Amino acid sequence: MIWELYQSGNTHGTEKHKLNRRAWERKNANQKQSFYITIRLMKTRRRFLKECGMLAGSAGFSYLATGHHEWTDIKKKSEKRSALTLRFKPYVLHLKHVFTIAEGSRSTTPVMLTELEYDNIVGYGEASMPPYLGESHETATSFLSKVDLTEFKSPFLMEDILAYVDQLVSGNYAAKASVDIALHDLVGKLMKQPWHKIWGLNPDRTPNTSFTIGIDKPEVVRTKVKEAAPYKILKVKLGHGNDKEMIETVRSETNKPICVDINQGWTDRKMALEMSHWLKEQGVVFIEQPMSKTSIDDNAWLTQNSPLPIIADEAFQTISDFKMVMGVYSGINIKLMKCGGLRSAYTMIKMARALGMKVMIGCMTETSCAVTAAAQLSPLVDWADLDGNLLIDNDVYEGVTISDGKIILPDRPGIGIRPKD
Ligand code: MG
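This write-up is about the structure you can find in this document.

## With respect to the pairing of strand β4 (residues 121-128)
Thinking step 1. Of all the eight residues making up β4, seven are buried; the element is thus mostly covered by neighbouring parts of the structure.
Thinking step 2. As paired strands, strand β3 (residues 104-118) and β4 are joined by eight bridges and run antiparallel to one another. Within the sheet, the bridge partner assigned to Glu115 lies in β4 and is Tyr124.
Thinking step 3. Between β3 and β4, which pair antiparallel and follow one another directly, the connecting turn spans two residues, one of which, Asp119, has a positive phi of 50 degrees.

## A look at the environment of Glu245
Thinking step 1. Along the polypeptide, Glu245 turns up in helix α9 (residues 243-251).
Thinking step 2. Sequence separation between Glu245 and Pro218 is 27 residues; the distance between their C-alpha atoms is 7.7 Å.

## Let's talk about the sheet that holds strand β12 (residues 383-384)
Thinking step 1. Ordered by their spatial adjacency, eight strands build an open sheet running β5-β6-β7-β8-β9-β10-β11-β12, and the pairing between neighbours is parallel. Each edge of the open sheet is held by one strand with a lone partner, namely β5 (210-213) and β12.
Thinking step 2. Sheet topology places strand β9 (residues 310-312) next to strand β10 (residues 331-335); two bridges connect them, and they run parallel. By the bridge assignment for β10, Ala312 is matched with Ile332.

## What about the environment of Ile198?
Thinking step 1. Note on placement: Ile198 falls in helix α7 (residues 195-198).
Thinking step 2. The class for Ile198 is partly exposed, based on 15 C-beta atoms found within 10 Å.
Thinking step 3. Along the sequence, Ile198 and Gly414 sit 216 residues apart, while their C-alpha atoms lie 9.2 Å from each other.
Thinking step 4. Those residues in contact with Ile198 that lie beyond four places of it in its chain are Gly188, Met191 and Gln193.

## Side note on the pairing of β10
Thinking step 1. Of all five residues in β10, five are buried, a share of seventy percent or more.
Thinking step 2. Judged by which residues are buried, β10 turns out to be covered on both faces: Gly331, Asn333 and Lys335 on one side and Ile332 and Ile334 on the other are all buried.
Thinking step 3. Summarising the sheet, β10 and strand β11 (residues 358-362) pair through five bridges and their orientation is parallel. Its bridge partner being in β11, Gly331 is matched across the sheet by Lys358.

## Some points on the environment of Asp385
Thinking step 1. Looking at the secondary structure, you find Asp385 in the loop between β12 and β13 (397-398).
Thinking step 2. Assessed through the 24 C-beta atoms surrounding it within 10 Å, Asp385 is described here as buried.
Thinking step 3. Remark: the alpha-carbon pair of Asp385 and Val371, spanning 14 residues in sequence, is separated by 9.6 Å.
Thinking step 4. Residues contacting Asp385, with those up to four places away along its chain left out, are Thr209, Ser210, Thr212, Lys235, Met360, Gly362 and Cys363.

## Thoughts on the packing of helix α5 (residues 158-168) against helix α6 (residues 173-191)
Thinking step 1. Remark: α5 packs on α6, axes separated minimally by 10 Å, with the N-to-C direction vectors making an angle of 165 degrees. Taken as axis vectors, α5 and α6 run roughly antiparallel relative to one another. Between α5 and α6 lies a crossing of right-handed hand. Of α6, the residues touching α5 (which contributes Met158, Ile161, Leu162, Val165 and Asp166) are Lys176, Val179, Asp180, Leu183 and Val187.

## Let's talk about helix α11 (residues 296-305)
Thinking step 1. Inspection of α11 places Asn299, Leu302 and Thr303 among the buried residues, and these make up the whole buried set. Here the buried residues of α11 occupy an arc of 100 degrees about the axis, which is enough to place them on one side. Relative to its buried face, α11 has exposed residues pointing more than 90 degrees away, namely Asp297 and Gln304.
Thinking step 2. Summarising the contacts, the buried residues of α11 are in contact with α10 (269-281) and β9.

Analysis parameters
Residues numbered from 1 in each chain as written. Predicted model: local features only at pLDDT ≥ 70, side-chain atom pairs only at ≥ 80, totals over all residues. Buried ≥ 20, exposed ≤ 12 C-beta atoms within 10 Å, placed from the backbone. Helix = DSSP H or I, 4+ residues; strand = E, 2+ residues; numbered from the N terminus. Pairing = 2+ DSSP bridges. Contact = placed C-beta atoms within 7 Å. Axes fitted to C-alpha atoms, helices over the stretch in contact; angles between N-to-C directions. Parallel < 35°, antiparallel > 145°, perpendicular 65-115°, else oblique. Left-handed = near helix turned anticlockwise from the far one by under 90°. Arc of directions from axis to C-beta.

If you want it as structure tokens, here you go:
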């Protein structure tokens, strides 16, 4: 099986790594960088705190002003100087609208901002942790505090570094993604190239991104549809008992293509099939996670009979889940926060294609950091749902932009973001 091949071929911490590390250490033995790194680190830290504080203040939000949410530097466990410095800081995203899906409502999302520094270059990362995924500021702090990169003298040892991070503690995929994204940003900056170029992807092939309309009253839905005017495809959340009213309200405003996300909200497969036929007549292009991820037979039956593709989201998280979704769904929704970051996401896209599955790339409510990172992969996917940064009013980065509904990748190196002025 392909996933078994991947796992068996995924060897880390080998003698080759140790030899490379010794060679690097010999080559750099006489470099005295620590003083310069410290000064640079303090400048970067002061600038970022100042910018975040100004943004938080302008939003009438004092979270970052408290002494509990400054950057935390990972303390080295040994006396050796670490070439890679990891920092992290909790932050809370404010949603422009209360966001309601079949699983509940919320108006904020906790995130962890990370920085990974090497040779005076800083890579940015982020963990976004909507409560239903089980991660939080506390769990991410606990996880990131365990990350000791002292042994890794070069950020280019990405496979070794990310394998080390992955095996530290099980789960914690958003926290792991925050290290993975920062490492990709750092390495891309060192290579002076954006990741879509490193991967050889054509930036002209980026898809349109959908814009999400949460479950709400008809008047609010109409307002949201008007706000979504720049977007070519809408993602409508369903599964709260008012599905037809939601779709008819959207259709009273626009004829744009729609995709729907049920978030496991349907419980009866015959009703689900009837709805899939009705939704096709309404110009819907696919259905995301119609029934519970544990209802494997029902989802497989619907996929077999539905006129629309059925996409796994809650049922698909990491590479090991391929064996659970093959033959059950038409495709998968990949999110960096579910799978642990860009390296895993890239592998999963290739695996899905080998298995003949559709691929969607999605996001949580996130800053432009994680959204722009995911957008680097978007030339490879069928559909993109990368609007998480557009749903918040206190983004601290700028990166990917949308032009006439289409994802425009920045030409900056790494993941392509920079802190907002
Ligand atoms: Mg979904």
